[in-house]
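Below, each chain spelled out in residue letters.
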Number of protein chains: 2
Amino acid sequence: MGYLSYNSSMILCDIGNTSVDLFSEGKRSKCRVEDFDPATFVEDVYYVSVNLSMNERIHGLANWYDLRKLIDWDKYYPSMGVDRVMVCEAIEDGVVVDAGSAITVDVMRNGIYDGGFIALGLYSAHEAYGRLSSALSMSFNFEVDLAKMAKNTPDALTIGFLAPLIEKIERLGKPLYITGGDGQLLSRFFSEAIVDEDLIFTGMNKLIEKGSKC
Amino acid sequence: MGYLSYNSSMILCDIGNTSVDLFSEGKRSKCRVEDFDPATFVEDVYYVSVNLSMNERIHGLANWYDLRKLIDWDKYYPSMGVDRVMVCEAIEDGVVVDAGSAITVDVMRNGIYDGGFIALGLYSAHEAYGRLSSALSMSFNFEVDLAKMAKNTPDALTIGFLAPLIEKIERLGKPLYITGGDGQLLSRFFSEAIVDEDLIFTGMNKLIEKGSKC
């Protein structure tokens, strides 16, 4: 038996810098980091975290298992976010877009990590435009036709941020998986995309299954 | 005779939100907005400005001519930055990239404005990544191969921001003109590009010539 034992009543937990996502008995729940206390759990919790201060609080809790330790880091690169690794672990082949505070794009081919890139998230891009000039402090127009050039400011910002990115992702090939808080919103711009909000938990589950078979 | 008379000793002036660019007798000079006093000029100055507080100070100076008034606004759109219009006026046909605090991309076909878009500038994108996470607070790697996927963080940010944008611009067609403070730096990523740091002044000159012929 490896690092952990697999059972259906376990809790999966994804800890970001602003929110915590939990997956338990097929159901998801979400809370803000500041409202989250890891010490309240009596069950076994399998987690990934990019949150350094939460890591310190978890350290020493005997029922919390860090899935980072199960990752074959030779496949990825050392500074790669553990949440990105998990969505990659969820698929064997294709492109994964995780549209959250950043938009990460990663490519898997036959179970091998082929590299990726990091774009700004929708909110952070919107915010950065607003910081440039009050004239650019406008909401994106998600009804815009990305194939055209713009003749008004909201379209110019939306096309300027989204058209290059969407077209680049389209050229990376299929199948294309989209996850993250803005996944649904972005999916409308793709010709064909599988929206899967639980992709990170699928990856965590797969890694646990692999680990428990060792 | 129209709004102004054209002569070779005139001063051209481009007023942004942070800096002022001057073009006089074939030479360029630049200063910070806070160091600039429009009242010190005795010569005729032909200017464009996106700086509202500077506009107020210029208003009432008899030797300052606002080139905004010479623009045929039916060709463009009302909220379009006057600096973007000027670089468009500089060319008859092609794509103009003005890489400053924002990166504006505009297309002209046979003297007709075909639309454009606005991406974040290099500095503002870099800053926005850093705001997302200290792990993403890194300089871009301008030596990166944009055709590849990244396997380290600086490359992931550089490719994430630049590859989609550069490839989108390449697909808009030729000739491609690049101007603005980061124009030289960006030009290395294009297969073929005409770097012209004076493009805005070329556009201003053309507009003055047109105007003085009326």
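The rules behind the values
Positions within a chain are numbered from 1, following the residues in the order the chain's sequence is written. Each chain gets a letter, beginning with A, and each ligand a number, beginning with 1, in the order they are written. At least 70 in pLDDT is required for a residue's local features to be given in this predicted model, at least 80 for side-chain atom pairs to be given and counted, and no such filter applies to totals for whole chains, interfaces and linings, which use all residues. To define a nonpolar core, we join buried Ala, Val, Leu, Ile, Met, Phe, Trp, Tyr and Cys residues through C-beta atoms within 7 Å and take the resulting set. Residue burial here comes from a neighbour count, namely the number of other C-beta atoms, placed from the backbone, that lie within 10 Å of the residue's own C-beta, with 20 or more meaning buried, 12 or fewer meaning exposed, and in between meaning partly exposed. A run of DSSP states H or I qualifies as a helix once it reaches four residues; a run of E qualifies as a strand once it reaches two. Both are numbered from the N-terminal end. A pair of residues counts as a contact when their C-beta atoms, built from backbone coordinates, are separated by no more than 7 Å. Here, any two strands with at least 2 DSSP bridges between them count as paired. Annotation comment: domain bounds sourced from an automatic or database domain assignment. The nonpolar class holds Ala, Val, Leu, Ile, Met, Phe, Trp, Tyr, Cys and Pro. Asp, Glu, Lys and Arg form the charged class, and all remaining residues, Gly among them, are polar. Superposition of the copies was done by least squares, using only C-alpha atoms of residues whose pLDDT is at least 70 in both. Whenever a helix is involved, its axis is fitted only over the stretch in contact; in every case the axis is a line through C-alpha atoms, and angles between N-to-C directions fall within 0 to 180 degrees. Here is the rule for angles: anything less than 35 degrees is roughly parallel, anything more than 145 is roughly antiparallel, 65 through 115 is roughly perpendicular, and the remaining ranges are oblique. A crossing counts as left-handed when the near helix is turned anticlockwise from the far one by less than a right angle, and as right-handed when that turn is clockwise.

Asks: Honestly, the nonpolar core in this entry has me stumped. Any pointers?
Replies: Within soluble globular proteins, side chains that are nonpolar generally end up buried alongside one another. In this structure, Val 97 and Met 204 of chain A together with Met 204 of chain B are the most contacted members of the largest nonpolar core, which totals 121 residues. Sorting elements by how many residues they give to this core places helix H4 (residues 153–171) of chain B first, with 9 residues. If sequence neighbours within four positions are ignored, Val 97 of chain A has contacts with Ile 103, Val 105, Ile 169, Leu 176, Tyr 177 and Ile 178 of chain A.

Asks: What's the story with the pairing of strand E8 (residues 112–120) of chain A in this structure? I'm lost.
Replies: One face of the sheet, then the other: side chains in a regular strand alternate in exactly this way. Residues and elements named next belong to chain A. Pairing between strand E7 (residues 102–109) and E8: 7 bridges, direction antiparallel. Bridge assignment links Asp 106 to a residue of E8, and that residue is Gly 116. Here E7 folds back onto E8, and the loop between the two strands holds 2 residues, one of which, Asn 110, carries a positive phi near 55 degrees.

Asks: Looking at this model, I keep getting lost on the domain arrangement of chain A. Mind explaining?
Replies: Buried accessible area, meaning the area lost when the parts come together, often serves as the stated size of an interface. Residues and elements named next belong to chain A. Assigned domains of chain A: these are domain 1 (1–89 + 201–214) and domain 2 (91–195). Using C-alpha coordinates to define each centre, domain 1 is positioned 26 Å away from domain 2. At the junction of the two partners, domain 1 supplies 5 residues and domain 2 supplies 8 residues. Of the residues assigned to the side of domain 1 that touches domain 2, the class counts are 3 nonpolar, no polar and 2 charged.

Asks: I keep staring at the interface of chain A and chain B and nothing clicks. Help me out?
Replies: Opposite the 38 residues of chain A that make contact, chain B presents 38 residues. The set of elements that each furnish at least two residues to the side of chain A that touches chain B consists of E7, E8, helix H3 (122–132) and helix H4 (153–171) of chain A. If you tally residues by element for the side of chain A that touches chain B, the top one is H4 of chain A, at 11 residues. Here the residues of the side of chain A that touches chain B sort into 22 nonpolar, 10 polar and 6 charged.

Asks: What should I look at first to understand the relation of the copies chain A and chain B in this one?
Replies: The transform that puts chain A on chain B rotates by 180 degrees and translates by 0.0 Å along the axis, for an RMSD of 0.0 Å. The transformation just described matches what one would write down for a two-fold rotation axis. Taking C-alpha positions as the reference, the residue of chain A nearest the rotation axis is Pro 164 of chain A, at 2.3 Å. When the interface residues of chain A are mapped onto chain B, 100% of them are again interface residues, pointing to one common binding face.

Asks: How do you make sense of unusual backbone geometry when you look at a structure like this?
Replies: Trans peptide bonds make up most of the peptide bonds, and negative phi angles are found at most residues other than glycine. Following Lys 174 of chain A, the chain continues into Pro 175 of chain A via a peptide bond in cis, with omega recorded as -5 degrees. If you trace the backbone, Pro 175 of chain A turns up in the loop between H4 and strand E9 (176–179). The residue Asn 110 of chain A is not glycine, and still its phi comes out positive at about 55 degrees. With respect to the element layout, Asn 110 of chain A can be found in the loop between E7 and E8. On the neighbour-count criterion, Asn 110 of chain A (7 C-beta atoms within 10 Å) is exposed. Of note in this structure, Glu 25 of chain B is not a glycine but carries a positive phi near 50 degrees. With respect to the helices, strands and loops of the structure, Glu 25 of chain B is situated in the loop between strand E2 (19–24) and strand E3 (27–32).

Asks: Explanation requested: the sheet that holds strand E4 (residues 45–49) of chain B in the structure shown.
Replies: Hydrogen bonds between backbone groups are what pair the strands of a sheet, and the pairing can be parallel or antiparallel. Residues and elements named next belong to chain B. Read across the sheet, 5 strands follow the order E3-E2-E1-E4-E5 without closing on themselves; strand pairing throughout is mixed. Lying at the two open borders of the sheet, with one neighbouring strand each, are E3 and strand E5 (64–66). Within the sheet, the average angular offset between the axes of one strand and its neighbour, ignoring direction, is 25 degrees. Bridge analysis of E2 against E3 gives 6 bridges, and the strand direction is antiparallel. Bridging from a neighbouring strand, Ser 19 pairs with Arg 32 of E3.

Asks: Can you help me understand the sheet that holds strand E7 (residues 102–109) of chain B in this one?
Replies: All names here are of chain B. Read from one edge to the other, the open sheet built from 5 strands follows the order E8-E7-E6-E9-E10, with strand pairing classed as mixed. Each edge of the open sheet carries a strand with a single partner, namely strand E8 (112–120) and strand E10 (194–195). Note: strand E9 (residues 176–179) against E10, 2 bridges, orientation parallel. Bridge assignment links Tyr 177 to a residue of E10, and that residue is Ile 194.

Asks: Please explain the packing of H3 of chain A against helix H3 (residues 122–132) of chain B as it appears in this structure.
Replies: Axis angle and axis distance: for two packed helices, these are the angle between their axes and the distance between the axes, and together they describe the pair. Interaxial distance between H3 of chain A and H3 of chain B falls to 10 Å at its minimum, and their mutual angle equals 130 degrees. Classified by the interaxial angle, the pair formed by H3 of chain A and H3 of chain B is oblique. Between H3 of chain A and H3 of chain B lies a crossing of right-handed hand. Contacts between H3 of chain A and H3 of chain B involve Ser 124, Ala 125, Ala 128, Arg 131 and Leu 132 of chain A from the former and Ser 124, Ala 125, Ala 128, Arg 131 and Leu 132 of chain B from the latter. Tallied by class, residues from the contact of H3 of chain A with H3 of chain B come to 6 nonpolar, 2 polar and 2 charged.

Asks: Looking at this structure, I do not really get the pairing of E9 of chain B. What am I missing?
Replies: Residues and elements named next belong to chain B. Neither face of E9 is exposed, since Leu 176 and Ile 178 on one face and Tyr 177 and Thr 179 on the opposite face are all buried. Two elements, strand E6 (residues 94–99) and E9, share 4 bridges in a ladder whose sense is parallel. What sits directly across from Val 95, in E9, is Leu 176.

Asks: When you look at H3 of chain B in this model, what are you seeing that I'm missing?
Replies: One turn of an α-helix holds 3.6 residues; hence residues three or four places apart share an orientation. For H3 of chain B, the set of buried residues is Leu 122, Ser 124, Ala 125, His 126, Ala 128 and Tyr 129 of chain B. Of the surrounding elements, those touching the buried residues of H3 of chain B are E8 and H3 of chain A together with E8 and H4 of chain B.

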